[in-house]
Amino acid sequence: MGEEARALDIENTTRRNHLVHDSMVDLYPLSSYYFGSRDALRVKEEIISDQVFRLKSNYAAHGLRTCVEAVLLVELFKHPHVLLLQYKNSIFKLPGGRLRPRESDSEGLKRKLASKLSINENGVVPGLEVGECIGMWWRPNFETLMYPFLPPNVKHPKECTKLFLVRLPVNQQFVVPKNFKLLAVPLCQLHENEKTYGPIISQIPKLLSKFSFNMMET
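Throughout this description, residue numbers start from 1 for each chain and increase along the sequence as written. Local features are withheld for residues below a pLDDT of 70 in this predicted model, meaning they are given only at 70 or higher, and side-chain atom pairs are given and counted only at 80 or more; totals for whole chains, interfaces and linings count all residues. Derived side-chain values reflect all non-hydrogen atoms in the structure, with water molecules and hydrogen atoms excluded from consideration.

Note the following rule: UniProt positions are given in the numbering used here, feature names are shortened, and annotations may be inferred rather than shown by experiment.
With an unreviewed UniProt entry as reference, the chain is termed Pre-mRNA cleavage factor Im 25 kDa subunit, source organism Cardamine amara subsp. amara. Quoted straight from UniProt, the Sequence similarities (unreviewed entry) entry for the chain says "Belongs to the Nudix hydrolase family. CPSF5 subfamily." Under Subunit (unreviewed entry), UniProt gives the following word-for-word description of the chain: "Homodimer. Component of the cleavage factor Im (CFIm) complex."

See the structure below:
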């Protein structure tokens, strides 16, 4: 019984250590990262009716549309900041996008991060660690609103957006299309600021509340 108790104690300690590691996020200073630009990325200019039509067409061809987006964190003034793409000074997005058919969440997110944040849009951004999914939003019908839950009466949702915590290395190069800006926005500014950042990004501080942040020095 003594040996079994010791083995169980070791197993529990290992499990606790893993939980502590998973809930602790190392944040490196914004100054550790290089930011550059490349050729502009073509952006579809659509009105709401065009977006709904495209969503219906995609659903008819491929079924449920799945999008993956990255929450990238840096340290500035001893406070966590989220890296957001800004378009036309008023549109804020998390880096990411739509998955291809049969593409995994992790591989699809890495591909999208390369297309948005790398000098080689067909390559990969080295050093990024795709972590856990911290939130999911659903589009029950062909409409603009998305919800952080799937209503029980909806059997065939049209779209799902997943947010993943992506851990950054101590150094990294980010090269974004010149018609976008990559901004570091503090959590306190995002908190419930739906008017500026939308219903998903404004909820990120709540989604991150279970994590502890380790402010690293370089």
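Following the structure, the description resumes.
## Here we look at the packing of aromatic side chains
Applied cut-off: Ring geometry is summarised as follows: Phe, Tyr and Trp rings, the Trp one being its six-membered ring, pair when their centres sit within 6.5 Å, and such pairs are stacked at plane angles under 30 degrees, edge-to-face over 60 and tilted between the two. Only DSSP runs of H or I covering at least 4 residues are called helices, and only runs of E covering at least 2 are called strands; the numbering of each starts at the N terminus. Residue exposure (1.4 Å probe, protein chains only): buried if accessible area is under 20% of the type maximum, exposed if over 50%, otherwise partly exposed.
Here the structure, examined in full by the defined rule, presents six aromatic pairs. Note on Tyr-33 and Phe-174: the rings are 5.9 Å apart at their centroids and 45 degrees apart in plane angle, and the pair reads as tilted. Here Phe-174 lies in strand S9 (residues 172-177) and Tyr-33 lies in strand S2 (residues 33-38), a separation of 141 residues in the sequence. Tyr-33 sits in the buried class, given a relative accessible area of 7%. With centroids separated by 5.7 Å and ring planes inclined at 80 degrees, the aromatic side chains of Tyr-59 and Phe-142 adopt a geometry described as edge-to-face. Of the two residues, Tyr-59 is situated in helix H2 (residues 48-62) and Phe-142 in the loop between strand S7 (129-139) and strand S8 (159-167); the sequence distance between them amounts to 83 residues. The partly exposed category is assigned to Tyr-59, whose relative accessible area is 23%. Taken together through their ring pairs, the aromatic side chains of Tyr-33, Phe-35 and Phe-174 make up a single cluster.

## Quick look at helix H5 (residues 194-201)
Operational definition: Arc definition: it is the arc formed by the directions from the helix axis to the C-beta atoms.
Where H5 is concerned, the buried positions are Tyr-197, Gly-198, Ile-200 and Ile-201. The buried residues of H5 occupy one face: seen down the axis, they fall within an arc of 105 degrees.

## Some words on the pattern of salt bridges
We apply this condition: Salt bridge, as used here: a side-chain nitrogen of Lys or Arg that lies within 4 Å of a carboxyl oxygen of Asp or Glu.
Summed over the entire model, instances satisfying the criterion amount to seven salt bridges. Lys-162 serves as the salt-bridge partner of Asp-105, at 3.0 Å between the closest nitrogen and oxygen. One end of the pair, Asp-105, is in helix H3 (residues 105-117); the other, Lys-162, is in strand S8, and 57 residues separate them in sequence. Classification of Asp-105 by relative accessible area gives partly exposed; the value is 22%. Note on Lys-162: relative accessible area 17%, which makes it buried. Residue Glu-192 pairs with Lys-206 through a salt bridge whose shortest N-O separation is 3.0 Å.

## Details of the environment of Met-216
Heads up, the condition is: Two residues qualify as a contact provided that any one of their heavy atoms is within 4.5 Å of a heavy atom in the partner residue.
For Met-216, the position within the fold is in the segment after strand S11 (212-215). For Met-216, a relative accessible area of 24% translates into the label partly exposed. Residues within four places of Met-216 in sequence aside, it is in contact with Asp-26, Leu-27, Tyr-28 and Pro-29.

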